[in-house]
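Take a look at the letters that make up each chain.
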Amino acid sequence: MKQVKSISRTSRDNIGTVLMIVAIYVLVQILNGAGLINNQMRGLLVPLCVYATMAVSLNLVVGILGELSLGHAGFMCVGAFASSFFSKLFAETMPVFPRFLLAILIGGIVAGIFGFLIGIPVLRLNGDYLAIVTLAFGEIIKNIMNVLYVGRDANGLHFSIKDQMALGMLPDGEMIINGPQGISGTPNDSNFTIGFLILLVATVIVLNLINSREGRAIMSIRDNHIAAGSVGIPITKYKMLAFTMSAVIAGCAGALYSHNLASLMATPARFGYNMSILFLVFVVLGGIGSTRGSIIAAIVLTLIPELLRFMNDYRMLIYSIVLIVMMIVNWNPKSRAWIQAHFGRKKNNEAGKEGR
Amino acid sequence: MAALLEINNLSIQFGGLRAVDDFHLTIEKGDLYGLIGPNGAGKTTVFNLLTGEYKPNEGVIRLEDRDITGLSTIEINKAGIARTFQNIRLFKQLTVLDNVKIGLHNQYEYSTAAAILRLPSYFKTEKQMNEKALELLSVFNLEDEADTISANLPYGKQRKLEIARAMATNPKLLLLDEPAAGMNPNETQELMDDIKYVRENFDMTILLIEHDMKLVAGICEKLTVLNFGRILTEGETKTVLADPEVIKAYLGG
Ligand SMILES: Nc1ncnc2c1ncn2[C@@H]1O[C@H](COP(=O)(O)OP(=O)(O)OP(=O)(O)O)[C@@H](O)[C@H]1O
Ligand SMILES: [Mg+2]
């Protein structure tokens, strides 16, 4: 049979992406062992994994499905609260390993359910409706979390959206979600290794999905939904699959995030609109549709403001310059051709021409 | 036996314009049928009605005696009608091979889990899909372009790829909307040979829209002529093309 080069090139590309993640992990471990990572940087390791996972998640919606989500921080928020809620409930009764594993799964599943429910009415439509609805969702979720009170006492769980008193708990009751104060005392189960594993698993799942029958169906909708329908691709089904899967991954990232925080509050800085836009910036700068690019952009853009902290006022200036340079490098046709020639990424249009 | 395709009394109205008015058509299995007419006559609109892109105001469409009027494009493709587009609609960012494999989507199956975990069924099915897709590409001499991103193909090959993709859905009826548009005479000749080949070797019934009279006269056995949404005449190609009414319509009468 004829050799199909683009297929082997794609799998080489995917292995490259996975190896890159592993290499970064090993490098960090070595540097850490050699005492070359200061405390401030060490505190950044888990958030780095969270943001890189969010970039992988959002790239699935924006780059692969071709829909716009402006509220991905909302799914992360849902995953963070659902998982922390679970961990607080079982903090004393379950050993760490199964509890955290379950917490991550619950974060993912609950966020996935929200993604699914949002998708049902919205993804049947063609147009930018998803952007509008996810934008609203992100803001609403944040606000709901700020007025939600949940407590536990001998009688069981109490819910309120008014205040702590309205829970009517016994004096020995314990607050689990305390309105604007959120959840405090989530067990600190996250660490860099688990973060690395979540990022790795999310990446492998997304890459394997993309290079499959269903992944091709998802990309066909992105490229031309009328043609996709004409060859019998069930469009709504695959939009739902991609969007729900993305929400699940974002929820898992949220669980990783919340188990790294002493107190989890739904503040705009953590789960607001700006965060959703930041994730979108990762995807766009990474070269829309490129999982590897999204991860690199997430890492670079998370590290830079921290690395430049000593420059005080000039920090944001340099950050902006880096943004612009990355934009140019990734989107200028000449530099893309250069990247193509030297790193042979499949994404580029020239893919079929070389090596024949 | 019932005809493969039977359309009766089909009409659609856009605002005040009856783009297709009281249209009828019967196609037998194995036919190579032409739909012609001046610009704006309503030919593409007939295709859009046939494939469920538009819903008719009146009329019935039957495929092998089954009423398919009002079904979605997806269901109609599954029922056995596939099409190409006048303004090419490829999956531009994907390779030529992937374009055809997307056409094969509904004939092969493995679970999402098999894809994510790369189970044996994934590799086995993908291999079968690759073979089938390459076989279809080779009909149109496109197998050497399998790795090319489809947007980078020359125009004539893009049109052929659209036919290969439509055929990948294993249709009973293939609708081609101006397949020779933008092709040079050599390419058109190749295309005519390809269409004949497909019809004979794949047992395909074909309905095509075309302005190139050389192609129409060369391969279509029967024609229907549309003018301002209505049928001007229909019948054997030779008779129809000699009809003074048809010549007049084409000369802008
Ligand atoms: N969705 C639509 N809304 C309004 N008018 C439409 C629509 N689709 C088609 N029409 C009109 O219907 C008429 C027939 O168009 P159609 O595209 O079917 O012509 P055609 O015979 O395919 O012409 P051509 O040879 O130029 O491709 C035109 O006047 C066109 O403007
Ligand atoms: Mg037309």
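Summarised in this report is the structure supplied together with it. What you are looking at is a predicted structure, and each value in this text was computed from that prediction instead of being measured.

## Structural notes on the overall build of chain B
Stage number 1. Per the secondary structure count, chain B includes ten helices and ten strands.
Stage number 2. Its C-alpha atoms give chain B a radius of gyration of 19 Å, near enough to 18 Å, the size a compact globule of 253 residues would have.
Stage number 3. Projecting the C-alpha coordinates of chain B onto the three principal axes gives extents of approximately 65 × 40 × 40 Å.
Stage number 4. Within the span of chain B, comprising 253 residues, buried residues form 55% of the whole.

## A short note on the site of ligand 1
Residues and elements named next belong to chain B.
Stage number 1. Around ligand 1 lies a shell of 14 residues, among which K43, T44, T45, Q86 and H211 are the nearest.
Stage number 2. In the model, an oxygen atom of ligand 1 is placed 2.8 Å from a nitrogen or oxygen of the K43 side chain.
Stage number 3. Notes on ligand 1: free accessible area 630 Å², of which the protein chains cover 65%.
Stage number 4. Only β2 (17-27) and α1 (43-50) provide two or more residues apiece to the shell around ligand 1.
Stage number 5. Ranked by residues supplied to the shell around ligand 1, first place goes to α1 with three residues.
Stage number 6. Of the residues belonging to the shell around ligand 1, the class tally is five nonpolar, seven polar and two charged.

## Describing the coordination of the magnesium ion (ligand 2)
Stage number 1. Listed as protein donors to the magnesium ion (ligand 2) are T44 of chain B (OG1) and Q86 of chain B (OE1); their distances from the metal cover 1.9 to 2.1 Å. Of this pair, T44 of chain B sits in helix α1 while Q86 of chain B sits in the loop between β6 (81-83) and α3 (96-103), and the two are 42 residues apart along the sequence.

## So, the pairing of strand β2 (residues 156-160) of chain A
Residue and element names in this part refer to chain A.
Stage number 1. As defined by bridge partners, strand β1 (residues 149-153) adjoins β2 across five bridges and the pair is classed as antiparallel. Bridge pairing in β2 places V150 opposite F159.
Stage number 2. Counting the residues in the hairpin turn of β1 and β2 gives two residues.

## Re the packing of helix α5 (residues 96-122) of chain A against helix α10 (residues 235-258) of chain A
All names here are of chain A.
Stage number 1. Between α5 and α10, whose axes approach to 7 Å, the crossing angle comes to 145°. Considering the relative orientation of α5 and α10, their crossing is right-handed. The residues of α10 that touch α5, namely those facing F100, A103, I104, G107, G108, A111, G112, G115, F116, I118, G119 and I120, are M240, F243, T244, A247, V248, G251, C252 and A255.
Stage number 2. When its residues are assigned to classes, the contact of α5 with α10 shows 13 nonpolar, seven polar and no charged.

## A few points about the packing of aromatic side chains
Aromatic rings considered in pairs are described by the distance between their centres and by the relative angle of their planes.
All names here are of chain A.
Stage number 1. For the structure shown, the criterion picks out 14 aromatic pairs over all chains.
Stage number 2. Between F75 and F137, the ring centres sit 4.7 Å apart and the planes meet at 35°, which makes this aromatic pair tilted. Of this pair, F75 sits in helix α4 (residues 72-89) while F137 sits in helix α6 (residues 129-147), and the two are 62 residues apart along the sequence.
Stage number 3. Between F279 and F282, the aromatic rings sit 6.1 Å apart at their centres with planes inclined by 50°, giving tilted as the arrangement. Here the residue F279 and the residue F282 both occupy positions in helix α12 (residues 273-285), the gap between them amounting to three residues, near one helical turn.
Stage number 4. Given the relative accessible area of 0%, F282 is considered buried.
Stage number 5. An aromatic cluster of at least three residues, connected via ring pairs, comprises F75, F114, F137 and F243.

## Describing the environment of Y110 of chain B
Stage number 1. The residue Y110 of chain B is located in the loop between α3 and α4 (112-116) in this model.
Stage number 2. C-alpha of Y110 of chain B to C-alpha of L241 of chain B: the two residues are 131 residues apart in sequence and 50 Å apart in space.
Stage number 3. Apart from residues no more than four positions distant in its own chain, Y110 of chain B is found in contact with S212, R213 and R216 of chain A together with A115, S121, Y122, T125 and E126 of chain B.
Stage number 4. One polar contact links the side chain of Y110 of chain B to the main-chain amide nitrogen of R213 of chain A, over a distance of 2.7 Å.
Stage number 5. Within the local environment of Y110 of chain B, its side chain forms a polar contact with the side chain of E126 of chain B, the two groups lying 2.6 Å apart.

## Brief notes about the sheet that holds strand β4 (residues 58-63) of chain B
The strands making up a sheet associate through backbone hydrogen bonding, with each pair oriented either parallel or antiparallel.
Residue and element names in this part refer to chain B.
Stage number 1. With antiparallel pairing, the four strands of this open sheet are ordered in space as β2-β1-β4-β5. Across the chains shown, the open sheet's two edge strands, defined by having one partner strand only, are β2 and β5 (66-67).
Stage number 2. Of the pairings in the sheet, the one linking strand β1 (residues 5-14) to β2 comprises seven bridges and is antiparallel in character. Bridged to E6 within β2 is T26.
Stage number 3. Of the strands in this sheet, β1, β2 and β4 touch α1, which is tilted by about 110° from β1.

## Some details on the interface of chain B and chain A
Stage number 1. At the interface, 44 residues of chain B touch 39 residues of chain A.
Stage number 2. Buried surface at the junction of chain B and chain A, summed over both partners, amounts to about 3700 Å²; 58% is from carbon and sulfur atoms.
Stage number 3. Its largest share of buried area at the contact with chain A, chain B owes to H105, I116 and D147 of chain B, together 18% of the area lost on that side.
Stage number 4. For the salt bridge of R216 of chain A with E126 of chain B, the shortest nitrogen-to-oxygen distance reads 3.0 Å.
Stage number 5. At the junction of chain B and chain A, the tally comes to 18 residue pairs in polar contact (both at pLDDT 80 or more).
Stage number 6. Every element with two or more residues in the side of chain B that touches chain A is listed here: α2 (73-79), α3, α4 and α5 (120-139) of chain B.
Stage number 7. Tallying contributions element by element places α5 of chain B first for the side of chain B that touches chain A, with six residues.

## Quick notes on the sheet that holds strand β8 (residues 205-209) of chain B
Residue and element names in this part refer to chain B.
Stage number 1. An order of β6-β7-β8-β3-β9-β10 is seen for the six strands of this open sheet, with the pairing classed as mixed. Single-partner strands in this sheet number two, and they are β6 and β10 (230-236). Averaged over all neighbouring strand pairs, the angle between strand axes comes to 15°, with direction disregarded.
Stage number 2. Pairing between strand β3 (residues 32-36) and strand β9 (residues 222-227): four bridges, direction parallel. If you follow Y33 over to β9, its bridge partner there is K222.

## What to know about the pattern of salt bridges
Stage number 1. Scanning the entire structure with this criterion turns up 21 salt bridges over all chains.
Stage number 2. The closest approach of N and O atoms between K88 of chain A and E174 of chain A, which form a salt bridge, is 3.7 Å. With K88 of chain A in helix α4 and E174 of chain A in strand β3 (residues 174-178), this pair connects stretches of sequence that are 86 residues apart.
Stage number 3. Residue R199 of chain B is joined to E221 of chain B by a salt bridge in which the shortest nitrogen-to-oxygen separation is 2.7 Å. In this pair, R199 of chain B sits in helix α7 (residues 185-201) while E221 of chain B sits in the loop between α8 (213-219) and β9, placing the two residues 22 residues apart along the sequence.
Stage number 4. You can call E221 of chain B partly exposed: its relative accessible area is 33%.
Stage number 5. Salt bridges sharing common partners tie together R18, D21, E58 and R230 of chain B.

Reading the values: rules and limits
- Counting starts from 1 at the beginning of each chain's written sequence and moves along it residue by residue.
- Each chain gets a letter, beginning with A, and each ligand a number, beginning with 1, in the order they are written.
- Note on the predicted model: pLDDT of at least 70 is required for a residue's local features to be given, and 80 or more for side-chain atom pairs to be given and counted; whole-chain, interface and lining totals, by contrast, use all residues.
- No hydrogens and no water enter the side-chain calculation; it runs on all heavy atoms of the structure.
- Secondary structure elements follow DSSP: runs of H or I of four or more residues count as helices, runs of E of two or more count as strands, with numbering from the N terminus.
- Radius of gyration: C-alpha atoms only; globule rule: 2.2 Å multiplied by the number of residues to the exponent 0.38.
- Only protein chains enter the accessibility calculation, which uses a 1.4 Å probe; a residue is then buried when its area is under 20% of its type maximum, exposed when over 50%, and partly exposed in between.
- The criterion for a residue being near a molecule or strand is simple. One of its heavy atoms has to lie within 4 Å of it.
- Counted as a polar contact is a pair of N or O atoms within 3.5 Å, where, for protein atoms, one must be capable of donating a hydrogen and the other of accepting one, and residues adjacent in sequence contribute only when both atoms are in side chains.
- To be clear on the numbers: accessible area is Shrake-Rupley with a 1.4 Å probe, and residue cover counts the displayed protein chains and nothing else.
- In this classification, Asp, Glu, Lys and Arg are treated as charged, Ala, Val, Leu, Ile, Met, Phe, Trp, Tyr, Cys and Pro as nonpolar, and every other residue, Gly included, as polar.
- Metal coordination here is assigned from N, O and S atoms located within 2.8 Å of the ion, or within 3.2 Å for Na, K and Ca; omission of water means that sites may look incomplete.
- Two strands qualify as a pair provided that DSSP identifies no fewer than 2 bridges between them.
- Note on geometry: axes are C-alpha line fits, over the in-contact stretch for helices, and angles between N-to-C directions span 0 to 180 degrees.
- In this scheme the handedness of a crossing depends on how the near helix is turned from the far one: anticlockwise by less than a right angle means left-handed, clockwise means right-handed.
- Between two residues, a contact is recorded if the distance between any of their heavy atoms is within 4.5 Å.
- Each Phe, Tyr or Trp ring, with Trp reduced to its six-membered ring, pairs with another whose centre is within 6.5 Å; inter-plane angles below 30 degrees give stacked pairs, above 60 give edge-to-face pairs, and intermediate values give tilted ones.
- Joining two parts hides part of their accessible area as seen by a 1.4 Å probe, and the buried area is that hidden amount summed over both.
- Whenever a carboxyl oxygen of Asp or Glu lies within 4 Å of a side-chain nitrogen of Lys or Arg, that contact is scored as a salt bridge.

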